[in-house]
Amino acid sequence: MRTRPLTRVGQYVALLAYIVFLGFPLLWLFSTAFKSPREVISLEPTLLPRSWSLDSFRVALDNSELFPSLLNSLIVAVSTAILTTVIALPAAYALARHRSKLRTVTVGWILVSQVFPFVLIVIPVFVVLRNLGLLNTLPGLVLVYVVWALPFTLWMLQGYVSAIPRDLEEAAATDGASRAQVLLRVIFPLLAPGLVATAMFAFISAWNEFFFALVVITDPAKETAPLLLARYVGGEGLVNLGPLAATALITTLPSLLIFAVAQRKLVSGMLAGSVKG
Amino acid sequence: MKRTRPHVLRRSSLAALAVGSTLLLSACVSNSGGGQVSTAGSSLAPDQKVSLTFASYAFQAPTVAATDKIVADWNAANPNIQVTVQKVAAESVHDKLVTQFAGNQAPDIIHDESADIASFSRQGYLADMTSMVPADLKSDVPQSVWDSVTYDGKITGMPTIAQVYTIFVNKKLLAAAGVAVPTAEKPWTWDDLAANAKKLTAGTVSGLAWGLKSPTAGIMSSGLAFDGTFVSGDEKAPTMAVGANEQQVPNRIAAMLADGSMAKDSVSLSGSDVLAGYYGGKYAMIMAGNYIATQVEEQAPADFDWGMLPLLKGTSEHQASNPQTLSIAQQSKYPAQAMQFIAFFMKAENLAAIAEGDALIPVTASASAAMGKKLGAEHGWDAILGSADQLVDAPWNKADKFPDWKSKYATPAYQEFLAGRTDAAGLATALTDGWKTLSGG
């Protein structure tokens, strides 16, 4: 059915509004980062800097803790993404393919686990990490993030597995493929977009997370980027806005880069034509 | 003084948190009130090495540098007692401490503020420093400031630096309007402020601006100049009354808003949001915490001639004492050594460097003198530095329910009042009813 021209225009206007809504904060961040300290507090703010300045970037880059904190964030986020995906993949397959009472209980528990408020578990988590000797360590933080991200990633991934027709597995089995071969050569390649999406979700969750990092990490050398950013904000509304924007922009770059590389994997339609009828 | 946003781990959520924690980890957690009580004595074996942790929320770059220098100097002079700094974001101090206390992992030395340590003191998480404070240090701080860090008879925080609310003026605009800058000996009264704000209001210029987005602390503190104490009775659970004294400052603000001498747009801005208008000549004067001076120094145009005025006078120049503090965790194994470091931190030149970095007032007379010697009368610092003895204990800061009342009732009530949606009587009712509700009465 053809879409009427007026409807099409409306759709594009809505899409444009949505993009502006999402993009404006980023544009403002970008603009603030390139404004001079005086222009940042100007009475008549402009969308783009009147005169482009690198002063805020100088302050941000002069902070000797910037690159170590970025490296810590990268280690934690990549580790979280890999571990979460590796654990969630077989679990998601089992959940999607094996219908049993255990599945119902497990799925129920996954949903219930999302109900616990953040502040409720922070002290237990702190004490568990202390007892494991993982306080103030990056592995401790990775452990928390994996546990935190796992229920949702499991839920996401089992949806992707369910979307793969069983017929494909049966066809491969009919052709003589073993279970392992079916998984490795049929299922996993088809799951690639799902795996990438799941890994990216885990990565971004860990990259942005502040509160657990705040309570787990005390050594400045082990701080992640969100902790560093928080120290640009003082009390009583005091904010070092320019350096904060510049640092935020710098800390956004790695995740943007990873998105740019990974987004090609996020294509849909891989299954198109795989099953007839 | 440092935090205006509600903490994630506010007291209201702590109850739920405590229940949940108990349910989830009852088998493996062994917590007890103030955590493990320190057992070590004050003396060390000759070759014994001690490591102390010092959690600091120093924010301004010069203060961070001054803190690092103090710690480096201490470590160089005391090879057996080494101090390590843990940097904490100013807005996260409370949340982090709640977790660390509960997990028995608190730093030995804790940088916080007097209003925030009330609950920690009562829960037994902070060591009683009463008998540990050296005599010369004790006498160097006004008694009224000691009162603000004394909980149930125990000193649980060493007061360091404090803020006052003061008037920042654009001297060129004052001179043009024929308004003289007052002296410390003859400060402006609130009546003088109103009269001069009116004189300075002309065309696009408003006489006064006050960033009252978070109005409670500033208005209540200023009210002490009219003896507006708000609460009385039991220190932990006092009763509230909002009478004529407590209404003085809100009514004066309302009058200035009504006659246009105070900028209406400013009351919805934060303390530092009004600075752009101040630099741009839109506001001739702004009321702000004196810490704003750091930003003014950094951001104001080179030819901007500014100054801070002596504290405004009501029946007195009193304001609330809510100094930053250094406390010792009850869980610390080395309280005596922690106290030695704190005493070193409080040395005049050290505290003066910290105070100068944050543009706050050192509470010791010796540090105030050192800072005054360096800054002189520039920008009115002489009058501001001399105002530490005007800081008096604000009884509401010690009430357990104050943080909840402030965020749930007082701030919305003051905002309604400033927006003209309620009158003085309505404000008083909202404040007292809120207090009663939290008291369960």
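Residues numbered from 1 in each chain as written. Chains lettered and ligands numbered in written order. Predicted model: local features only at pLDDT ≥ 70, side-chain atom pairs only at ≥ 80, totals over all residues.

Another aspect to go through is the overall build of chain B. Helix and strand counts for chain B come out as 18 helices and 17 strands. Computed over C-alpha atoms, the radius of gyration of chain B comes to 22 Å, within 12% of the 22 Å expected from 2.2 N^0.38 for 441 residues, which places it in the range of a compact globule. Dimensions of chain B, computed from the C-alpha atoms along their principal axes, are close to 70 × 55 × 30 Å. In chain B, which comprises 441 residues, the share counted as buried stands at 54%. (Helix = DSSP H or I, 4+ residues; strand = E, 2+ residues; numbered from the N terminus. Rg over C-alpha atoms; globule rule 2.2 N^0.38 Å. Buried ≥ 20, exposed ≤ 12 C-beta atoms within 10 Å, placed from the backbone.)

Our focus in this paragraph is the confidence of the model for chain A. With 94% of its residues at a pLDDT of 70 or more, chain A has an overall mean of 88. Predicted confidence for residues 271-277 of chain A stays below pLDDT 50, and this span has 5 contacts to residues more than four positions away or in other chains. (pLDDT = per-residue confidence, 0-100. Contact = placed C-beta atoms within 7 Å.)

Turning to the sheet that holds strand β12 (residues 283-289) of chain B, a few remarks are in order. Residue and element names in this part refer to chain B. If you trace the 4 strands from one edge of the open sheet to the other, you get β9-β12-β8-β13, paired in mixed fashion. Each having just a single partner strand, β9 (206-210) and β13 (306-308) make up the two edges of the open sheet. For this sheet the average axis-to-axis angle between neighbouring strands, irrespective of direction, equals 20°. Pairing geometry for strand β8 (residues 165-170) and β13, over 3 bridges, is antiparallel. The partner of Asn 170 across the bridge, within β13, is Trp 306. (Pairing = 2+ DSSP bridges. Axes fitted to C-alpha atoms, helices over the stretch in contact; angles between N-to-C directions.)

Turning our attention to the environment of A:Val76. Tracing the chain through its elements places A:Val76 in helix α4 (residues 66-97). Look past the residues within four positions of A:Val76 in its chain and what remains in contact with it is A:Leu138, A:Leu141, A:Val142, A:Tyr145, A:Ala206 and A:Thr224.

Here we take up the pairing of β12(B). Strand residues, when the strand is regular, have side chains that alternate between the two faces of the sheet. Residues and elements named next belong to chain B. β12 sits mainly inside the fold: 7 of its 7 residues count as buried. Direction of pairing for β8 relative to β12: antiparallel, over a ladder of 5 bridges. Residue pairing across strands places Tyr 165 opposite Gly 289, the latter belonging to β12.

In terms of nonpolar packing, the biggest core is built from 183 residues, with B:Phe168, B:Met285, B:Ile286 and B:Ile361 touching the most fellow members. Tallying contributions element by element places helix α7 (residues 138-163) of chain A first for this core, with 11 residues. Counting residues in hydrophobic clusters, the runner-up holds 7 residues, among them A:Ala33, A:Ala60, A:Tyr232 and A:Ala245. (Core = buried A, V, L, I, M, F, W, Y, C linked by C-beta atoms within 7 Å.)

Residue and element names in this part refer to chain B. The sheet built from 5 strands is open, its strands ordered β2-β1-β3-β15-β6 with mixed pairing. At either end of the open sheet lies a strand with only one pairing partner, and these are β2 (81-87) and β6 (158-159). Direction of pairing for β6 relative to strand β15 (residues 324-328): antiparallel, over a ladder of 2 bridges. Note that in β15 the partner of Met 158 across the bridge is Leu 326.

Here the focus is the packing of helix α8 (residues 166-174) of chain A against helix α9 (residues 179-208) of chain A. Residue and element names in this part refer to chain A. Interaxial distance between α8 and α9 falls to 10 Å at its minimum, and their mutual angle equals 135°. It follows that α8 is oblique to α9 by the angle criterion. As α8 runs across α9, the sense of the crossing is right-handed. Residues Leu 168, Glu 169, Ala 172 and Ala 173 of α8 form the contact with α9, whose own contacting residues are Val 182, Val 186 and Ile 187. Split into classes, the residues belonging to the contact of α8 with α9 amount to 6 nonpolar, no polar and 1 charged. (Parallel < 35°, antiparallel > 145°, perpendicular 65-115°, else oblique. Left-handed = near helix turned anticlockwise from the far one by under 90°. Nonpolar A, V, L, I, M, F, W, Y, C, P; charged D, E, K, R; others polar.)

A few words now on the environment of B:Val83. Residue and element names in this part refer to chain B. Within the secondary structure layout, Val 83 lies in strand β2. Once the C-alpha coordinates of Val 83 and Ile 161 are considered, the two residues, 78 residues apart in sequence, prove to be 21 Å apart. The contact partners of Val 83, leaving out residues within four places of it in the chain, are Leu 52, Phe 54, Val 71, Trp 74, Asn 75 and Phe 341.

Another point: helix α15 (residues 365-375) of chain B. Residues and elements named next belong to chain B. Here α15 has its buried residues at Ala 367, Ser 368, Ala 370 and Met 371. On an axial view of α15, the arc spanned by its buried residues comes to 160°, and they lie on one face. Considering only its buried residues, α15 is in contact with α14 (348-358), β16 (361-362) and α16 (381-385). Downstream of α15 by a residue or two, Gly 376 has a phi angle that is positive, lying close to 60°. (Arc of directions from axis to C-beta.)

Turning our eyes to something else, we now look at unusual backbone geometry. In terms of backbone geometry, most residues other than glycine have negative phi values and most peptide bonds are trans. Residues and elements named next belong to chain B. Phi at Ala 359 is positive, roughly 55°, even though this residue is not glycine. Within the element layout of this structure, Ala 359 appears in the loop between α14 and β16. Phi at His 379 is positive, roughly 55°, even though this residue is not glycine. For His 379, the location among the structural elements is in the loop between α15 and α16. Its 21 C-beta neighbours within 10 Å are what place His 379 among the buried residues.

With that settled, the discussion passes to the confidence of the model for chain B. All names here are of chain B. The predicted model of chain B averages 89 in pLDDT, with 90% of residues at 70 or higher. When pLDDT is averaged over each element of chain B, β6 comes out on top at 98 and helix α1 (residues 11-25) at the bottom at 44. Note that residues 11-33 has pLDDT below 50 and, in this model, 26 contacts with residues that lie over four places away or in other chains. Note on residues 35-40: pLDDT under 50 across the span, and 17 contacts to partners over four residues away in sequence or across chains. Scored by ipTM, the complex comes to 0.74, with pTM at 0.82.

Further remarks concern the pairing of β9(B). Residues and elements named next belong to chain B. Taking burial as the measure, the 5 residues of β9 include 5 buried ones, the bulk of the element. In terms of strand pairing, β9 meets β12 through 4 bridges, oriented parallel. Note on β12: the bridge partner recorded for Leu 208 is Met 285.

On to the environment of A:Asp55. Residues and elements named next belong to chain A. With respect to the helices, strands and loops of the structure, Asp 55 is situated in helix α3 (residues 55-62). You can call Asp 55 partly exposed: it has 18 C-beta atoms within 10 Å. When the C-alpha positions of Asp 55 and Ser 36 are compared, they lie 6.3 Å apart, and in sequence the two are 19 residues distant. Setting aside its immediate chain neighbours within four residues, Asp 55 contacts Ser 36, Pro 37 and Gly 242.

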